[in-house]
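# Residue-level structural notes
These are the residues of each chain, in order.
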Amino acid sequence: MIRNLVFDFGKVLVDYDFERVIRDFFHQGEHLEEYCRIVLSDAFMNRCDLGVEPLEEILRQEQEAHPHLAAQLQLFYDRFDEFILGEMDGMRPLLMQLKQKGFRLYGLTNWSKKVHGIMRKYEIFSLLDGWVISSEEHLIKPDVAIYDRLCQKYGLLPQECFFADDKQVNIDGALRAGMKAAVFTTATQYVKDLSREVPGLELVL
């Protein structure tokens, strides 16, 4: 029986668009592509999300390696909140319904320490009963250890958890950890996926 609903943050609870904001960092697009190759790479993002090194030190090293992008790299840190567009459509009222029906709600995200500013800003995060953040655990999805950490921290059984993430690779990690899981696209699709695991579930969108 599914008792616990686990949500990724980005593109599940809140929406984001890095490139839209990054374009504002540059005049006439000069060095834009090079900059995006750096800060939007899996290597850079995973390094930030893992949290082993201070985010400020990671950025300092990149500034030293790319001095012509030093100012824009600083803006990535200083204006990070602007990357978040708002809560995902329909998700806050859906979480409120799920909570009323007795489900426990948890977050499991790959995110740097910047996540706390986002969590304070958006009301949807107040609905969560707990969370695990990669930069605090020094583990990142899809490593099975981070899913196990969530279960250990809150005394959950993985087979009683249903996990939603926008990336298939992270869904695969959850399945290896023994959870039920589905790729998230919209609140409507999430309800359909969850209803397959919880027969008779009635929700209004």
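The structure displayed is predicted, hence computed values, not measured ones.

### Focus on the pairing of strand β6 (residues 161–165)
- Of all five residues in β6, five are buried, a share of seventy percent or more.
- Of the two faces of β6, the one carrying Cys161, Phe163 and Asp165 and the one carrying Phe162 and Ala164 are both buried.
- Where strand β1 (residues 4–7) meets β6, four bridges bridge the pair, whose relative direction is parallel. In the sheet register, Val6 faces β6, and the bridge partner there is Phe163.
- Bridge count for β6 against strand β7 (residues 180–183) is four bridges, and the pairing is parallel. In the strand pairing of β7, Phe163 is matched with Ala181.
- Between β6 and its parallel partner β7, the chain crosses via helix α10 (residues 168–176), and the hand of that crossover is right-handed.

### Some remarks on the sheet that holds β7
- Read across the sheet, five strands follow the order β5-β4-β1-β6-β7 without closing on themselves; strand pairing throughout is parallel. If you trace the sheet from one side to the other, it starts and ends with β5 (130–133) and β7, each paired once. Direction aside, the axes of adjacent strands within the sheet are offset by 20° on average.
- Sheet strands touched by helix α6 (residues 91–100): β1 and β4 (104–109). Its angle to β1, the strand with the most contacts, is close to 160°.
- With respect to the sheet, helix α11 (residues 187–197) is in contact with β1, β6 and β7, its orientation differing from that of β6 by roughly 160°.

### Things to note about the pattern of salt bridges
- Counted under the stated rule, the structure contains 16 salt bridges.
- With a shortest N-O distance of 3.3 Å, Glu160 and Arg3 are connected by a salt bridge. Taken as a pair, Glu160 in the loop between α9 (144–154) and β6 and Arg3 in the segment before β1 lie far apart in primary sequence, 157 residues in all.
- According to the relative accessible area criterion, Arg3 is partly exposed, its value standing at 43%.
- Here Glu87 ties to Arg92 by a salt bridge, and the two come within 2.8 Å at their closest N and O atoms.
- Judged by its relative accessible area of 21%, Glu87 is partly exposed.
- One salt-bridge network, in which partners are shared between bridges, spans Asp8, Lys141 and Asp165.

### Let's talk about α9
- If you check which residues of α9 are buried, you get Ile146, Tyr147, Leu150 and Cys151. Viewed along the axis of α9, the buried residues span an arc of 145°, placing them on a single side of the element.
- Residues of α9 that are buried in the fold lie against β1, β4, β5, α8 (134–137), β6 and α10.
- For α9, the capping residue at the N-terminal end is Asp143, with a side-chain oxygen 2.9 Å from the backbone nitrogen of Ala145.

### Comments concerning helix α3 (residues 42–50)
- If you check which residues of α3 are buried, you get Phe44, Met45, Cys48 and Asp49. Buried positions in α3, seen along its axis, are confined to an arc of 125° and lie on one side of it. Opposite the buried face of α3, by more than 90 degrees, sit the exposed residues Asp42 and Ala43.
- Those residues of α3 hidden inside the fold are in contact with α1 (18–22), α2 (32–39), α4 (55–65), α5 (70–78) and α8.
- The positive-phi residue at the C-terminal boundary of α3 is Gly51, with phi of around 75°.

What counts and what doesn't
- Residues numbered from 1 in each chain as written.
- Predicted model: local features only at pLDDT ≥ 70, side-chain atom pairs only at ≥ 80, totals over all residues.
- Heavy atoms only, no water.
- Buried < 20%, exposed > 50% of the residue type's maximum accessible area, 1.4 Å probe, protein only.
- Helix = DSSP H or I, 4+ residues; strand = E, 2+ residues; numbered from the N terminus.
- Pairing = 2+ DSSP bridges.
- Right-handed = clockwise from strand over helix to strand, strands pointing away.
- Axes fitted to C-alpha atoms, helices over the stretch in contact; angles between N-to-C directions.
- Contact = heavy atoms within 4.5 Å.
- Salt bridge = Lys/Arg side-chain N within 4 Å of Asp/Glu carboxyl O.
- Arc of directions from axis to C-beta.
- Polar contact = N/O pair within 3.5 Å; in protein donor to acceptor, adjacent residues only side chain to side chain.

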